[in-house]
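# Residue-level structure breakdown
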Amino acid sequence: MPDVSSRPHREDVSIRQRIAENPGPALGWLAGALLLFALEAGAVVHFVTGLFGSPVELPTLLSRELIPNNGYQTPSGAWQETFLGLPAAYAWALRVVLVYAYSFVWMYWLWRGYLVFRENYRYADWTPRDDMIDRLRGHRWGQFGAIIVFAFVVMALFAPALGPTTVERTISNPYSHSIEYYNDQGQLENITVGSANLDSRSQGTPQQNVGPMQYDQFGRFHPFGTLPSGKDMFTFMASGARISLFIGLSAIIVSGLIAAAFALLTAYYKGLVDLGVVIVGDSIMSLPRLLFVILLTVVLSGTWIAEIYSGAVILALIFAGTGWPFLWRSVRGPAMQVSEQEWIDAAKSFGQKPRVTMRKHMAPYILGYLLVYASMSLGGIVIAVAGLSFLGLGINPPTPEWGRAVDIGQSYVTTASWHISFIPGVMIVLVVTAFNALGDGIRDAIDPQSETGEGEGNEAAAATGGGA
Amino acid sequence: MSEQIQQESVSVATGETLVEVNQLRTYYGEGGIIESNPVKAVDGVDFEIKRGETLGLVGESGCGKTTLGRTLIQLEDATSGEVLFDGTDVTELSGTELKDWRRNSQMVFQDPESSLNDRMTVGEIIREPLDVHDWPTIGVVVDADVATTIEGNGVADARTTEGVRSDVTVTVRGGSVTDVETRDEMQLERDDVEVELRGDDPTTVRVKVTRSRDQIRRARVRELLDTVGLRPEHYYRYPHQFSGGQRQRVGIARALALEPEFVVLDEPVSALDVSVQAQILNLLEDLQDEFGLTYLFIAHDLSVVRHICDRVAVMYLGNVMELGETEELFANPKNPYTHALLSAIPEPDPTADRERVTLRGTPPSPRDPPTGCPFTTRCPMKIRPDKYQNMDADTWVAIEVFREVLRERERAEKSLTEQAKELLGMETRFSDIDEIKRELFGDIDLSREVEEHVDRAAEHVADNDEQGARRVLREEFGSICDDERPDDYVVSDTGRVSHCHRHMDEYTEPDEFVPYTER
């Protein structure tokens, strides 16, 4: 007893008091965070004011205005109007590097914030979360996933700043914007982007092709080459990342939530509740999914909800609505299994609420399965959205979408314009794999019994057994 | 005043009834859509548990002892009957009342591997009951020379609020606070409590606790860890980092967190190593002394029961067959079932000459228990009709087995194909009655009378009329054991009860009766 009540214990002091006692590290970290934020504050102000009317323009570090890459090359080879007169490719690359560096610094700073808290302000020397982080630190496969996912998310977040040009200039409104270039006669000429695009098309022949990392004849740099319509593909991809990420994640999150909720309810209450969900779920699963999705897309195409975000919201909802039974089926078994554990009875015996019992005592056990299945289904959704775009459904053109690029490039795969299908295809594979790897890593990290490396046995095997 | 408080916190008055169970029935799988033939896990049980005692509950696997324990703490809904806890029928409680009552009765589970959530730390596990009940509500007692009212956040008058103990005692004399005492279990010290007096007649005693609930709970968990023999640093460990015995200690700490009066111990040591069992049993005994707990100890290890229990109830097929003081019951079992059960305890002395009663077959299905005494199908002391008193043991056993076989056959479900085959007069797996007869009675010389009845029964079976066959045998060989449920007979001065027809005056008492097989 004496060592139990040896006080004042550190935990007896609130976090606010603990910071007040030793403000140094906290203030240092906060200053760094504010500085980082200030660099991009303009973009946030732009976004927020944009919600309420015309956006306010403020200079920001990573904007294309500060580091422009749209310029032209004089016959002597010098560059005009680009950042510091650098070649367009370097100016663009500099911006990309800065964007990613900025994001990495933010990540690092958040991590440092956690360390500062852990070293200076946390009352416990050790908590279970430390182990979770340690397990994730030793999980190479999960880290691989995390890095790719991070790159993908940054691409989606900073899409307007990352592209060599903007969606507005080259895709949605090319004839309202113009560029300057030196023509064959050595004169500076003004041409609309739309007309320029006609000469930078990738049509499969060596004469009509702008491949990856090439300039077109107007001095525009195309990191991923151009589309058959002559539009810049990197801009297309960066912007498409946003919509793919949005649809994929929101569909999988919504269906994952539905699946988890139903799995917990059916496992906890069993009986009629279970029967009801089984009937509903099986009915949905028995429908041919793609056809049903197509039907819904067509039926709902005239409604107001189909207009939001070029149809992305409705697509996400449709995929969530038709996809949850698959996820639910795969976690129902584990949920049933965990509902038979004695700790559920124990919770009941001291009067724990069913809701809390499900969340605390059952949900953590199905989360691992859910993460694995969800990350696998995510790829399916990205691919299905691409399939819909191919059929002329889904995301309304001209809003960029990765799947559409794959489909557009299909007939050029064996030609000089192979990049049109190949690059988006590889990126889809990479992103889907990365989400899968990250899911694996998180699952292993949250399971205190898994040791890094060897914990992939049971659950992963069980999970792939049913669904792959 | 202060004497009364002291008495309350030191020990509970023993002897009065804490739990009373009347005609309790718990059936599983009732109200099926097609056919309702529930499993009668607990089938009409009466007993009471006194405050501060340990009642043992023993029986074979599947006899319903765990279900009974679970029903007592309302983990299963009783089908009928009542469980009176301090006079309140808890089977009728629901909602908040049920939740409040749950503080009083906790359970320690059998399997320490399964009863602790592996994803939570030991500290979180033990803390959970405290969080659920928003513990603590600090009970305040004011000892004053004027009229007072109590005020404050998370504070209640211990004298008027049920289930709240006197955690803080404030003494007021002559308009000022002269003394403040705190109870150890509440993790409060004198400095943590601020007391303020306001106004007079009635004086408002304002009690303010300066420690946060979180802090009090954490300290309480650390103290509980210490109480059950673990170290306070184990707060942040996970259950899988502990051995079975340590895990069971965590389970015990969780059960004790809310300071319950009644704890159901469901085979708390049967999953543990023998070396650890004794430690846990001693811990349980110490805790009982320290906190005045009342235990229901469910076990199938009879020597453990003999060691720890004050009284023992012996269960068979959902019924309590015998209930009485442990030593007396072990030394001189009255009920035939207890007799058989106790004779199965291994004797450490290999030269000891002991009769062992080996029971025939397995217990009947609890879906379809015998109509008379539950033990009738296996009882070695079953009452026989007078004319068969002197029948030789082999013949009697053969007849009993024959009846058992018919019982099982009648219960067995016949598939559609088998029903069709029966209608067409074809061979089914049920049609080999002659073979059964040959096997059972082949080596035995049956008297003409017996043979006649056996043959008649066999004919019924050949006509697919198992019911008829059983009726024939019952009329001829049956007795009161097959027809009527025995009453509970008081069989000793200490109030031991036994559930057997042989306690009726006209029959030989079971403990005086020599089983037919022994003659």
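Everything in this summary refers to the structure shown in the same document.

## Considerations on the overall build of chain B
Each helix and strand counted, chain B has 16 helices and 19 strands in total. In terms of overall dimensions, chain B has C-alpha extents of about 100 × 50 × 45 Å along its principal axes. The long-range fraction of contacts in chain B, counting pairs at least 24 apart against all pairs at least 6 apart in sequence, stands at 65%. Accessible surface, chain B as shown: approximately 24100 Å² in total, 43% of it carbon and sulfur. Of the charged side chains in chain B, 59 are positive and 106 negative, and the gap between their average positions amounts to 4 Å.

## Brief notes about helix α7 (residues 274-291) of chain B
Each full turn of the α-helix corresponds to 3.6 residues, which orients residues three or four apart in the same direction. Residue and element names in this part refer to chain B. Across its 18 residues, α7 extends 26 Å between first and last C-alpha, which sits within 8% of the 26 Å expected from 1.5 Å per residue. Every buried residue belonging to α7 is among Val276, Gln277, Ile280, Leu281, Leu283, Leu284, Leu287 and Gln288, and all of these are buried. Seen from one end, α7 has its buried residues packed into an arc of 160°, which puts them on one side. Along α7, the residues that are exposed and aim more than 90 degrees away from the buried face are Ser275 and Asp289. A positive phi of about 60° marks Gly292, the residue just after α7.

## What to know about the sheet that holds strand β13 (residues 203-209) of chain B
Residues and elements named next belong to chain B. Sheet architecture is open: 3 strands sit in the order β8-β13-β12, paired in mixed fashion. Edge positions in the sheet fall to β8 (148-151) and β12 (193-198), since each of these pairs with one other strand and no more. Neighbour-to-neighbour, the strand axes of this sheet turn through a mean angle of 25°, independent of strand direction. The sheet contact formed by β12 and β13 spans 6 bridges and is antiparallel. Residue pairing across strands places Leu197 opposite Val205, the latter belonging to β13.

## Section: the interface of chain A and chain B
Contacts between the two partners involve 30 residues from chain A and, on the opposite side, 38 residues from chain B. Buried area between chain A and chain B, both sides added, is near 3500 Å², and the carbon and sulfur share of it is 50%. At the boundary of chain A with chain B, the tally comes to 2 salt bridges. Between Asp345(A) and Arg70(B) there is a salt bridge, with the nearest N and O atoms lying 2.8 Å from each other. Scanning the region where chain A abuts chain B turns up 15 residue pairs in polar contact (both at pLDDT 80 or more). Elements represented by at least two residues in the side of chain A that touches chain B include exactly α13 (342-349) and α14 (354-390) of chain A. If you tally residues by element for the side of chain A that touches chain B, the top one is α13(A), at 6 residues.

## With respect to the pattern of salt bridges
Residue and element names in this part refer to chain B. A complete count under the given rule lists 43 salt bridges over all chains for this structure. Its salt-bridge partner being Glu16, residue Arg51 comes within 3.6 Å of it at the nearest N-O pair. Here the residue Arg51 occupies a position in the loop between β2 (39-50) and β3 (54-58), and Glu16 occupies one in the loop between α1 (2-10) and β1 (17-28), the gap between them amounting to 35 residues. Residue classification places Arg51 among the buried positions, given a relative accessible area of 11%.

## What to know about the packing of helix α12 (residues 312-339) of chain A against α14(A)
Residue and element names in this part refer to chain A. Contact geometry for α12 and α14: axes closest at 9 Å, N-to-C directions at 150°. Looking at the two axes, α12 sits roughly antiparallel to α14. Helix-helix and strand crossings are classified by hand; for α12 and α14 the assignment is right-handed. Along the lines of polarity and charge, the residues of the contact of α12 with α14 split into 18 nonpolar, 4 polar and no charged.

## Remarks on the nonpolar core
Met155(A), Leu162(A), Ile247(A), Phe319(A), Met362(A) and Trp402(A) are the most contacted members of the largest nonpolar core, which totals 90 residues. When sequence neighbours within four positions are dropped, the list of residues in contact with Met362(A) reads Leu264(A), Ala267(A), Tyr268(A), Ala335(A), Val338(A), Ser339(A), Ile344(A) and Thr357(A). Counting 77 residues, the second-largest nonpolar core is a separate cluster that includes Tyr235(B), Val305(B), Cys309(B) and Val312(B).

Quick notes on the rules
- Residues numbered from 1 in each chain as written.
- Chains lettered and ligands numbered in written order.
- Predicted model: local features only at pLDDT ≥ 70, side-chain atom pairs only at ≥ 80, totals over all residues.
- Heavy atoms only, no water.
- Helix = DSSP H or I, 4+ residues; strand = E, 2+ residues; numbered from the N terminus.
- Contact = heavy atoms within 4.5 Å.
- Areas by Shrake-Rupley, 256 points an atom, 1.4 Å probe, with all protein chains shown as cover.
- Lys, Arg positive; Asp, Glu negative; His and termini not counted.
- Charge placed at Lys NZ, Arg CZ, Asp CG, Glu CD.
- Expected span 1.5 Å × (residues − 1).
- Buried < 20%, exposed > 50% of the residue type's maximum accessible area, 1.4 Å probe, protein only.
- Arc of directions from axis to C-beta.
- Pairing = 2+ DSSP bridges.
- Axes fitted to C-alpha atoms, helices over the stretch in contact; angles between N-to-C directions.
- Buried area = accessible area lost by both parts, 1.4 Å probe.
- Salt bridge = Lys/Arg side-chain N within 4 Å of Asp/Glu carboxyl O.
- Polar contact = N/O pair within 3.5 Å; in protein donor to acceptor, adjacent residues only side chain to side chain.
- Parallel < 35°, antiparallel > 145°, perpendicular 65-115°, else oblique.
- Left-handed = near helix turned anticlockwise from the far one by under 90°.
- Nonpolar A, V, L, I, M, F, W, Y, C, P; charged D, E, K, R; others polar.
- Core = buried A, V, L, I, M, F, W, Y, C linked by side-chain atoms within 4.5 Å.

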